[in-house]
Structures are given as C-alpha cells and as structure tokens.
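The primary structure of each chain is shown beneath.
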Amino acid sequence: MRLLVLLGVCVTLVGCRSGARISSSNDELRVERELQREQIETLEIENAELRTKLAEANARAETPLPEDVLDALPRVADIELTRFCSVEGGTVTWSIRPTDGRGRFVQVVGTLELRATSAGDEPRTLAEAVLTPAELREAYASGLAGTGYRVTRNTDFEGPGVVALTATLHDLVSGTTHTASRFANAR
C-alpha cells in the first residue's frame, strides 16, 4: 500500500513539473507571437509608405505607368542561398535564388559578390567572385535543382569543416542591395 501511495505522489510531482514547463513554453510562444505581430504591423506601415512614395514618383514621371502595371511589375524583394550550395572536392558552388514580393523566382540585372569563408578561430577567405551583369546573366540555370543562378569557383580548402557562404546582390534596376548567407559542410 505504501508503495502505491509513494508511486502516486511521484507521478503527481512529475505531472506538476510538466505543467510548469508547458506554461513556461506557452509564455515564450505568446511573447514571440506578440513580437511577430508588432513586426508585421511595422512592415505593413512601411509598405504603405513605400507605395505612397512610388505613386508620387510615378505621378511626376513624364509618362507614368498605370497602377495595375506597377503592381504587376516584378522586382527583387529578397535573395536566398539554396540547399544546393556546396563545398566539395576543392570546388565551392553558390546557388542563388532571387525572389519577388510573392516569393517567386525573378531574373535580375546587377552585380553579384560571392564569398566563401572558413568557419573557426581564424577564418580565412577560401573563394570569392564578383560577377558583372553580363556574367550574372550567364550564370542563370534551370533544372532539377530549380531555377536560379549557379556560380562555381575553385578553392584549396581541404575538408571536412564548416564554410560560411555569402552572396550580395546589387540590383541595378531598383538600386537596392540584398544579402544572404548560409553554412555548408565541406567534404
């Protein structure tokens, strides 16, 4: 009988501690949700301001574009280094996917700066490249790995190890700059 009572007390204590952990996790999620809500509101306000500025600039143009044309005109909103980036056999490959405001691939005209850096106590540049607009256009690739830009450069890095890959796109149409980074395991 004592064993059953002791077992019941232990189960109750474990259950009580689980409730505290769940409550703590829920509190963290609530705070995170509120921060995200504030961030969304800020972005929506900034978006509304940018739309107003665009409308003002378009109205001052000699031949303004209709609003529906402006809305349909894709522009780079972000870039990402995809999971197809790699560091293998003395070669670094960057796979860059620029996207529009709806998350869809969009071609770009600009310069692209690429860098691969060893991660560790003493990082060093393993490979880098700066592509001109014409070279960037030639780097366009579409296939099973998706549509984007792929650039390969040789390196003397002998793996294994972690390599930090970065890409900076200077969009020459909009005048904006976009940056992305990703870690890759060198093999």
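Presented here is a report on the structure given in the accompanying data block.

## Some words on the overall build of the protein chain
If you tally the helices and strands in the protein chain, you get three helices and nine strands. Going residue by residue from the N terminus, the α and β elements of the protein chain occur as α-α-β-β-β-β-β-α-β-β-β-β. Residues classed as buried in the protein chain amount to 25% of the 187 residues present. Residue pairs at least 24 apart in sequence account for 54% of intrachain contacts in the protein chain once pairs closer than 6 positions are excluded. Total accessible area computed for the protein chain in this model is approximately 13200 Å², and 54% of it derives from carbon and sulfur atoms.

## Remarks on the pattern of salt bridges
Per the counting criterion, the structure on display carries eight salt bridges. Close ionic contact of Arg115 with Glu128 constitutes a salt bridge, the shortest N to O distance being 2.8 Å. Here Arg115 is found in strand E4 (residues 110–118), whereas its partner Glu128 is found in strand E5 (residues 125–131), with 13 residues between them in sequence. On the accessibility criterion, Arg115 (37% relative accessible area) is partly exposed. Notably, a salt bridge pairs Asp156 with Arg124, separated by 3.5 Å at the nearest N-O pair. Here the residue Asp156 occupies a position in the loop between strand E7 (146–154) and strand E8 (161–171), and Arg124 occupies one in the loop between E4 and E5, the gap between them amounting to 32 residues. For Asp156, a relative accessible area of 55% corresponds to the exposed category.

## Things to note about the side chain of Ser95
By the secondary structure assignment, Ser95 is in strand E3 (residues 91–99). In this structure, Ser95 is in contact with Glu80, Leu81, Thr82, Phe84, Cys85, Tyr149 and Arg150, ignoring residues within four places of it in sequence.

## What about the pairing of E4?
Here E4 runs beside E8; their pairing, made up of nine bridges, is antiparallel. Within E8, the position partnered with Gly110 by the bridge is Asp171. Here E4 runs beside E5; their pairing, made up of six bridges, is antiparallel. Bridge pairing in E5 links Arg115 to Glu128. In this structure, the hairpin formed by E4 and E5 is closed by a connection of six residues, where Gly120 is found at a positive phi of approximately 150°.

## Concerning a nonpolar patch on the surface
On the surface, Leu65, Val69 and Leu73 cluster together into a nonpolar patch covering about 220 Å² of accessible area. With respect to the secondary-structure elements, Leu65 resides in the loop between helix H1 (2–60) and helix H2 (67–72).

## So, the pairing of strand E9 (residues 177–186)
In this structure, E8 lies alongside E9, joined through ten bridges in antiparallel fashion. Paired with His170 across the two strands is Thr177, which belongs to E9. Taken together, E8 and the strand that follows it, E9, pair antiparallel across an intervening segment of five residues, in which Gly175 is found at a positive phi of about 80°.

What counts as what
Residues numbered from 1 in each chain as written. Predicted model: local features only at pLDDT ≥ 70, side-chain atom pairs only at ≥ 80, totals over all residues. Heavy atoms only, no water. Helix = DSSP H or I, 4+ residues; strand = E, 2+ residues; numbered from the N terminus. Buried < 20%, exposed > 50% of the residue type's maximum accessible area, 1.4 Å probe, protein only. Contact = heavy atoms within 4.5 Å. Areas by Shrake-Rupley, 256 points an atom, 1.4 Å probe, with all protein chains shown as cover. Salt bridge = Lys/Arg side-chain N within 4 Å of Asp/Glu carboxyl O. Pairing = 2+ DSSP bridges. Patch = residues over 30% accessible without salt bridge, like charges linked within 9 Å, V, L, I, M, F, W, Y side chains within 5 Å.

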